[in-house]
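# Commentary on secondary and tertiary structure
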Amino acid sequence: AQSVSQHNHHVILSEAASLELGCNYSYGGTVNLFWYVQYPGQHLQLLLKYFSGDPLVKGIKGFEAEFIKSKFSFNLRKPSVQWSDTAEYFCAVLRGSQGNLIFGKGTKLSVKP
Amino acid sequence: SAVISQKPSRDICQRGTSLTIQCQVDSQVTMMFWYRQQPGQSLTLIATANQGSEATYESGFVIDKFPISRPNLTFSTLTVSNMSPEDSSIYLCSVANSNYEQYFGPGTRLTVT
């Protein structure tokens, strides 16, 4: 069965620091990968997705992620975080053609002003 | 993107009672899902709500406990039956477009005492 691992439970950074959040998935075939963000008190929002093509995908708010098939990874990055990036970040993989997502446990990001 | 509303936004219920959560989407969608997010945990799929037929439940979730209705392509309900404190959670409705991008409702925060 497919699964997603996010190894960082809570990351604390100062503003302007660079961010990289880890995500590893278990399935060895074709995968469709997503990063979602949940700001305090708000809905889950789609940050970016990878389906095929360029393994470096760019999302909203300056985030990007790189799909590395050999490492089963899809890490999220941002060169310089802001206080407003404080949120919980979820990596997810699409489960086949059923359309639902399998989520990682999430990483809470706290950015100190 | 779809706009999803859920009612109620939160509730406190006594054990042994049932609560029905409503999910309304502003456009017709084929794929609709119900997830649960327990405190400190990730999102877990409860079931896929199928229009005009019985919902498809994930392992560990049964129709008697979580009956789901989907009378049309814009509306669904999830009932949490015979509640116990272990059912305290956030329940989320989501829909997917033809690109498998999922959009989430604001969630219903349920506390069972």
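These remarks concern the structure in this document. Remember, it's a predicted structure, so these values are computed and weren't measured experimentally.

Attention now goes to the overall build of chain A. Each helix and strand counted, chain A has zero helices and twelve strands in total. Ordered by position from the N terminus, the helices and strands of chain A form the series β-β-β-β-β-β-β-β-β-β-β-β. In summary, chain A has a C-alpha radius of gyration of 13 Å against a globular reference of 13 Å for 113 residues, a match within 12%. Overall, chain A is about 40 × 25 × 20 Å in size when its C-alpha atoms are taken along their principal axes. Looking at the 113 residues of chain A, the share that counts as buried comes to 48%. A total accessible area of about 5,500 Å² is found for chain A, and carbon and sulfur atoms account for 52% of it. Charged side chains of chain A number 11 positive and 7 negative; the gap between the two group centres comes to 6 Å.

For the rest of this paragraph, the subject is the overall build of chain B. Looking only at helices and strands, chain B has zero helices and eleven strands in total. When the helices and strands of chain B are read in sequence order from the N terminus, they spell out β-β-β-β-β-β-β-β-β-β-β. The principal-axis extents of the C-alpha atoms in chain B amount to approximately 40 × 25 × 20 Å. Within the span of chain B, comprising 113 residues, buried residues form 52% of the whole. In chain B, once contacts between residues fewer than 6 apart in sequence are set aside, the share between residues at least 24 apart is 53%. Approximately 5,300 Å² of chain B is accessible, and the part contributed by carbon and sulfur atoms is 47%. Within chain B, one finds 7 positive and 8 negative side-chain charges whose respective centroids are separated by 8 Å.

The next point concerns the nonpolar core. Ranked by size, the top nonpolar core spans 29 residues in total, and within it Trp35(A), Leu47(A), Leu48(A), Phe74(A), Leu76(A) and Tyr89(A) carry the most contacts. Secondary-structure elements contributing two or more residues to this core are strand E2 (10–14), strand E3 (19–21), strand E5 (33–38), strand E6 (44–50), strand E8 (64–68), strand E9 (73–78), strand E10 (87–94) and strand E12 (107–112) of chain A. When residues in this core are grouped by element, the largest group, four residues, is from E10(A). Among the nonpolar cores identified, the runner-up in size contains 27 residues, and Ala2(B), Ala55(B), Ile68(B) and Leu78(B) belong to it.

Residues and elements named next belong to chain B. Along the chain, Lys-7 connects to Pro-8 via a cis peptide bond; the corresponding omega equals -5 degrees. Take Pro-8: it is sitting in the loop between strand E1 (4–7) and strand E2 (10–13). The phi dihedral of Asn-82 falls on the positive side, at around 45 degrees, and the residue is not glycine. Its location among the elements puts Asn-82 in the loop between strand E8 (75–80) and strand E9 (89–96). Located in the positive-phi region is Tyr-100, a residue other than glycine, with phi close to 65 degrees. Relative to the helices and strands, Tyr-100 resides in the loop between E9 and strand E10 (102–104).

Throughout the structure, instances matching the rule amount to two disulfides over all chains. Disulfide partner of Cys23(A): Cys91(A), at an S-S distance of 1.9 Å. Residues Cys23(A) and Cys91(A) share a disulfide whose torsion about the S-S bond is about -65 degrees; that sign makes it left-handed. Note that Cys23(A) is positioned in the loop between E3 and strand E4 (24–25) and Cys91(A) in strand E10, a separation of 68 residues in sequence. Judged by relative accessible area, Cys23(A) falls into the buried class, the value being 0%. What pairs with Cys23(B) in a disulfide is Cys93(B), and their sulfur atoms sit 1.9 Å apart.

Counting from both sides, the interface comprises 19 residues of chain A and, opposite them, 18 residues of chain B. Carbon and sulfur atoms make up 55% of the area that chain A and chain B hide from each other, which totals about 1,600 Å². Across the chain A-chain B interface, the total number found is two salt bridges. Across the salt bridge formed by Glu101(B) and Lys49(A), the nearest N and O atoms sit 2.4 Å from each other. Elements with a minimum of two residues in the side of chain A that touches chain B: E5, E6, E10 and strand E11 (101–103) of chain A.

What counts as what
Residues numbered from 1 in each chain as written. Chains lettered and ligands numbered in written order. Predicted model: local features only at pLDDT ≥ 70, side-chain atom pairs only at ≥ 80, totals over all residues. Heavy atoms only, no water. Helix = DSSP H or I, 4+ residues; strand = E, 2+ residues; numbered from the N terminus. Rg over C-alpha atoms; globule rule 2.2 N^0.38 Å. Buried < 20%, exposed > 50% of the residue type's maximum accessible area, 1.4 Å probe, protein only. Areas by Shrake-Rupley, 256 points an atom, 1.4 Å probe, with all protein chains shown as cover. Lys, Arg positive; Asp, Glu negative; His and termini not counted. Charge placed at Lys NZ, Arg CZ, Asp CG, Glu CD. Contact = heavy atoms within 4.5 Å. Core = buried A, V, L, I, M, F, W, Y, C linked by side-chain atoms within 4.5 Å. Disulfide = S-S within 2.5 Å. Buried area = accessible area lost by both parts, 1.4 Å probe. Salt bridge = Lys/Arg side-chain N within 4 Å of Asp/Glu carboxyl O.

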